[in-house]
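One-letter residues, chain by chain:
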Amino acid sequence: MSVFERYLTLWVALAMIAGIAIGSAAPALVEMIAAAELARVNLVVAVLIWAMVYPMMVGVDPGSLRGVLKQPKGLAITLAVNWLIKPFTMAALGVLFFEHVFAGLIAPADAQQYIAGLILLGAAPCTAMVFVWSHLTRGDETYTLLQVSVNDVVMVFAFAPIVAVLLGVTDIAVPWETLILSVLLFVALPLAAGLWTRHRLRTPARIAAFRDRVKPWSIVGLIATVTILFGLQGEVILDRPLVIGLIAVPILIQSYGIFALAYAAAWALRVPHRIAAPCALIGTSNFFELAVAVAISLFGLNSGAALATVVGVLVEVPVMLSLVAFANRTRPRFA
């Protein structure tokens, strides 16, 4: 294990601090990065995520897809957790905390906005970063690709109806440009590049050697992404720390609870760890580009709903790293 991976939590913590510091000290630089956006997908962050995903895509073996389809349990768990459980538990936690537990701390109108943002997060399972978490847990690249691809297909049909039911809003306009661009940038293009690389390298030994060379750049990309994300939101973090802390509480409970449910189900059903870990991590993380875009389109850029989706972005990386560490420590229990 490289020094980057061994102390990854420390590097990410330093990146979070550095991002907030840069956001405060160099707002012009942050504004320039924020302006590099297409269909509400930040292109600077997109390039870094692409760099993180690409090394894993090199490991996707098209010839093993037939074998992957013979192991449906991991896919079934992911679909059940993402679409039958997660959106509704997130909505329930939002109502519990912002209408009851935190009722004396938050104005009722703001509380409803935060609940709406949490619902949008809960209904949007991850597309891009899950490849990184899978990579860090030595997940099966081909199976992870299958899980993400199926989730993306389901999302096209299920996201708007679920959000409409939970929000009580009938005119949900799915930002198709954001959804399609994200899938192209974070799945289709890295996969095409990975398959082309495998074709050029030809032998398993050369493929393995190449992956070892590019693997550190995936970690560098993760640290740079965290720095930029916290830089973009540094002003909000410093201006409204209490609100961000309150919003983070149900997100944290949801994240760890969903992971525990999916991971335990995978263990009980004897799903191999290389499938079980990504299976649980997909449901835990969120497609924050989509959630943020819909929050802005429905409620406005400066709304509480948009802020709640942004908090989801800030919370995700530290939470996912802790779950990656847990999954790696418990690998022998799946033997």
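Residues numbered from 1 in each chain as written. Predicted model: local features only at pLDDT ≥ 70, side-chain atom pairs only at ≥ 80, totals over all residues. Heavy atoms only, no water.

Novice: Would you mind showing me how to read the environment of L118 here?
Specialist: For L118, the location among the structural elements is in helix α7 (residues 108-122). By relative accessible area, L118 is classed as buried at 0%. Distance in space between the C-alpha atoms of L118 and M90 is 6.4 Å, their sequence separation being 28 residues. Setting aside anything within four residues of it in sequence, one finds L118 in contact with M90, G94, F98, I247, P250, I251 and A308. (Helix = DSSP H or I, 4+ residues; strand = E, 2+ residues; numbered from the N terminus. Buried < 20%, exposed > 50% of the residue type's maximum accessible area, 1.4 Å probe, protein only. Contact = heavy atoms within 4.5 Å.)

Novice: I would appreciate a short explanation of the pattern of salt bridges in the present structure.
Specialist: Side-chain pairing between opposite charges can occur once the charged atoms of the two side chains come close. The full count for this structure, using the stated rule, is 2 salt bridges. Across the pair R274 and D140 runs a salt bridge whose closest N-O atoms are separated by 3.5 Å. In this pair, R274 sits in helix α14 (residues 273-284) while D140 sits in the loop between α8 (130-136) and α9 (141-167), placing the two residues 134 residues apart along the sequence. (Salt bridge = Lys/Arg side-chain N within 4 Å of Asp/Glu carboxyl O.)

Novice: Honestly, the packing of aromatic side chains in this entry has me stumped. Any pointers?
Specialist: The relation between two aromatic rings is expressed through the spacing of the ring centres and the mutual angle of the planes. Throughout the structure, instances matching the rule amount to 9 aromatic pairs. With centroids separated by 5.3 Å and ring planes inclined at 40 degrees, the aromatic side chains of F97 and F102 adopt a geometry described as tilted. With a relative accessible area of 10%, F97 lands in the buried category. A relative accessible area of 10% means that F102 is categorised as buried. Between F259 and F326, the ring centres sit 6.1 Å apart and the planes meet at 80 degrees, which makes this aromatic pair edge-to-face. With F259 in helix α13 (residues 241-268) and F326 in helix α16 (residues 304-329), the pair connects residues that are 67 residues apart, well separated along the chain. For F259, a relative accessible area of 3% translates into the label buried. Taking the relative accessible area as the measure of exposure, F326 reaches 35% and is therefore partly exposed. Through a chain of ring-to-ring contacts, the aromatic side chains of F97, F98, F102 and Y114 assemble into a single cluster. (Phe/Tyr/Trp six-rings, centres within 6.5 Å; stacked < 30°, edge-to-face > 60°.)

Novice: When you look at the packing of helix α11 (residues 204-232) against α16 in this model, what are you seeing that I'm missing?
Specialist: Pairs of packed helices are described in terms of their axes, by the angle between the two and the distance that separates them. Close contact between α11 and α16 brings their axes to 9 Å; oriented N to C, the two are set at 150 degrees. Compared by their axis directions, α11 and α16 come out roughly antiparallel. In this structure, α11 meets α16 at a crossing whose hand is left-handed. Only V313, L314, V317 and L321 of α16 make contact with α11, whose side of the interface consists of L222, V226, L229 and F230. Among the residues making up the contact of α11 with α16, the classes are represented as 8 nonpolar, no polar and no charged. (Axes fitted to C-alpha atoms, helices over the stretch in contact; angles between N-to-C directions. Parallel < 35°, antiparallel > 145°, perpendicular 65-115°, else oblique. Left-handed = near helix turned anticlockwise from the far one by under 90°. Nonpolar A, V, L, I, M, F, W, Y, C, P; charged D, E, K, R; others polar.)

Novice: Sorry, what's going on with the confidence of the model for the protein chain here?
Specialist: Detail in the predicted coordinates should be disregarded across regions flagged by low pLDDT. A residue-level look at the protein chain finds 94% of positions with pLDDT of 70 or above and a mean pLDDT of 86. Element-level pLDDT for the protein chain is lowest in helix α1 (residues 3-6), with a mean of 65, against a maximum mean of 95 in α13. (pLDDT = per-residue confidence, 0-100.)

Novice: What is the right way to read the nonpolar core from this model?
Specialist: One broad rule of soluble globular proteins: the nonpolar side chains tend to lie buried together. Of all hydrophobic cores here, the largest spans 109 residues; its most connected members are F98, W133, F159, L222 and I247. The element best represented in this core is α16, accounting for 16 residues. With residues near it in sequence (within four places) discarded, L222 still touches L8, M52, M129, V132, W133 and L321. One finds V58, L201, I207 and F210 within the second-largest nonpolar core, a separate group that totals 7 residues. (Core = buried A, V, L, I, M, F, W, Y, C linked by side-chain atoms within 4.5 Å.)

Novice: Would you take a moment to explain unusual backbone geometry for this structure?
Specialist: Most peptide bonds take the trans configuration, and most residues that are not glycine carry a negative phi. With phi around 60 degrees, R138 is a residue other than glycine that occupies positive phi space. Among the residues examined, R138 registers a relative accessible area of 60% and is labelled exposed.

Novice: Can you help me understand the state of the cysteines in this one?
Specialist: As used in these notes, a disulfide is a covalent bond between sulfur atoms, one from each of two cysteines. Considering all chains together, one arrives at 0 disulfides under this definition. Left unpaired, C126 is separated from the closest cysteine sulfur, that of C279, by 14 Å. (Disulfide = S-S within 2.5 Å.)

Novice: Would you mind showing me how to read the side chain of D140 here?
Specialist: For D140, a relative accessible area of 17% translates into the label buried. With near-sequence residues (within four places) excluded, D140 lies in contact with M56, S134, R274 and I275.

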